[in-house]
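Topology and contacts: notes
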Amino acid sequence: MPFTSVKKVADADFPTRWGHFRILGFQGIFDNSSPCNDSAPSTPTRTEDAVALVMGEIHSAPPIVRIHSQCLTGDVFHSLRCDCRQQLELALSTIAEAGTGILLYEQQEGRGIGLMAKLRAYELQDQGLDTIEANLELGYKADCREFELPAAILRQLGVTSVRLITNNPAKVEALEQAGIKVTERISAEVPTEPTNERYLKTKREKMGHLVG
Ligand SMILES: Nc1nc2c(ncn2[C@@H]2O[C@H](COP(=O)(O)OP(=O)(O)OP(=O)(O)O)[C@@H](O)[C@H]2O)c(=O)[nH]1
Ligand SMILES: [Zn+2]
């Protein structure tokens, strides 16, 4: 197994415009990571940072959890090519309304292919390829993400059952494979924009996302 361990490196107060969280920093260690791209060498050891925003009492019942994959273009620049920023806001407001929950922010930019590769995939999409075809054309899998790290962080927080905010059945399955029970799926569907309709159509038709 490539995932080896996780350690908490920070735990601080974190007020946001959605409400008051704690922000926890985690560092995951992976051994013998196999590359997601055929032409890349495998790395003997690598670290991956992740952040958890935690609100309220998370142990009395399975908490609401969102595992958000980094999307610089959406999260920071509010890109309308995808729905990531809207989903991030939906997750934070859902947790704030409940007064309890966890948002895990994972550095899985571009479903794990990295920012530069995602931008190259955007170029190919501008030429007519869909999200998956563009990844494959660049030598990557359609989705390079693994969920052992978020599962280990949840365990370290004392959480083994969750109510997961997602539209992606594969994410539910991956988290369960990693040992976290998903007692409920909460929809992460957000209003579409003309600019992300094709992206969402590919997610629905080729990746099985429960949208539309
Ligand atoms: N490779 C690639 N990644 C993208 C593209 N657009 C968005 N992403 C990344 O997709 C990730 C989010 O994954 P999604 O497929 O939108 O959603 P999900 O996390 O699988 O499912 P939900 O839980 O329902 O949001 C983020 O890491 C984004 O950076 C793209 O065109 N190509
Ligand atoms: Zn995005």
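Quick caveat: nothing in here was measured; it's all calculated off a predicted structure.

1. Structural notes on the overall build of the protein
Secondary structure summary: the protein contains seven helices and seven strands in total. Starting at the N terminus and walking to the C terminus, you meet the elements of the protein as β-β-β-β-α-α-β-α-α-α-β-α-β-α. Scaling as 2.2 N^0.38, a compact globule of 212 residues should have a C-alpha radius of gyration of about 17 Å, and the protein matches this with 17 Å. Sequence-distant contacts, at least 24 apart, represent 62% of the contacts inside the protein between residues at least 6 apart.

2. Remarks on the UniProt feature "domain: GTP cyclohydrolase II" (unreviewed entry) in the protein
UniProt's feature table lists "domain: GTP cyclohydrolase II" (unreviewed entry) at residues 8–186, given in the numbering used throughout. With 31% helix and 32% strand, residues 8–186 has its two end C-alpha atoms placed 27 Å apart.

3. Brief notes about the environment of Ala152
Structurally, Ala152 is set in helix α5 (residues 148–156). Using a count of 21 C-beta atoms within 10 Å as the deciding quantity, one classes Ala152 as buried. C-alpha separation for the pair Ala152 and Val9, spaced 143 residues apart in sequence, amounts to 14 Å. Setting aside anything within four residues of it in sequence, one finds Ala152 in contact with Phe3, Val6 and Gly28.

4. A look at the UniProt feature "active site" (unreviewed entry) in the protein
Taking the numbering used here, the UniProt-annotated feature "active site" (unreviewed entry) corresponds to Asp143 and Arg145. Relative to the helices and strands, Asp143 is located in the loop between α4 (131–137) and α5. Within the element layout of this structure, Arg145 appears in the loop between α4 and α5. Of the residues examined, Arg145 has 20 C-beta atoms within 10 Å and is grouped as buried. Leaving out residues up to four positions away in the same chain, Arg145 has contacts with Ser69, Gln108, Arg111 and Gly112.

5. Description of the nonpolar core
Within the largest apolar cluster, 31 residues are counted, with the highest numbers of intra-cluster contacts made by Ala52, Val54, Val65, Leu103, Leu104 and Ile153. Counting residues per element, the ones that place at least two in this core are β2 (20–33), β3 (43–55), β4 (64–69), α2 (84–98), β5 (101–106), α5 and β6 (161–165). Once residues lying within four places of it in the same chain are set aside, the contact partners of Leu104 are Ala50, Ala52, Val65, Ile67, His68, Pro150 and Ile153. By size, the runner-up hydrophobic cluster in this structure holds five residues, among which are Ile113, Ala121, Ala134 and Tyr140.

6. Remarks on the confidence of the model for the protein
Per-residue confidence for the protein gives a mean pLDDT of 94; residues scoring 70 or more make up 100%. The ipTM value of the predicted complex is 0.97, and its pTM value is 0.95.

What counts and how
- For every chain, the first residue of its written sequence is number 1, and the numbers climb from 1 along that sequence.
- Chain labels run from A onward and ligand labels from 1 onward, assigned in the order the entries are written.
- For a predicted model such as this one, the threshold for reporting local features is a pLDDT of at least 70, and the threshold for listing and counting side-chain atom pairs is 80 or more; totals across whole chains, interfaces and linings nevertheless cover every residue.
- In this description a helix means any DSSP run of H or I spanning at least four residues, a strand means any run of E spanning at least two, and both kinds are numbered starting from the N terminus.
- This radius of gyration counts C-alpha atoms alone. The globule rule is 2.2 Å times how many residues there are, raised to the power 0.38.
- Residues are treated as contacting if the C-beta atoms built from their backbones sit within 7 Å of each other.
- UniProt positions are given in the numbering used here, feature names are shortened, and annotations may be inferred rather than shown by experiment.
- Whether a residue is buried, exposed or partly exposed is read from the other C-beta atoms within 10 Å of its own C-beta, which are placed from the backbone; 20 or more gives buried, 12 or fewer gives exposed, and intermediate counts give partly exposed.
- Residues of type Ala, Val, Leu, Ile, Met, Phe, Trp, Tyr and Cys that are buried and joined through C-beta atoms within 7 Å form what is called a nonpolar core.
- The pLDDT value expresses, per residue, how confident the predictor is, ranging between 0 and 100.

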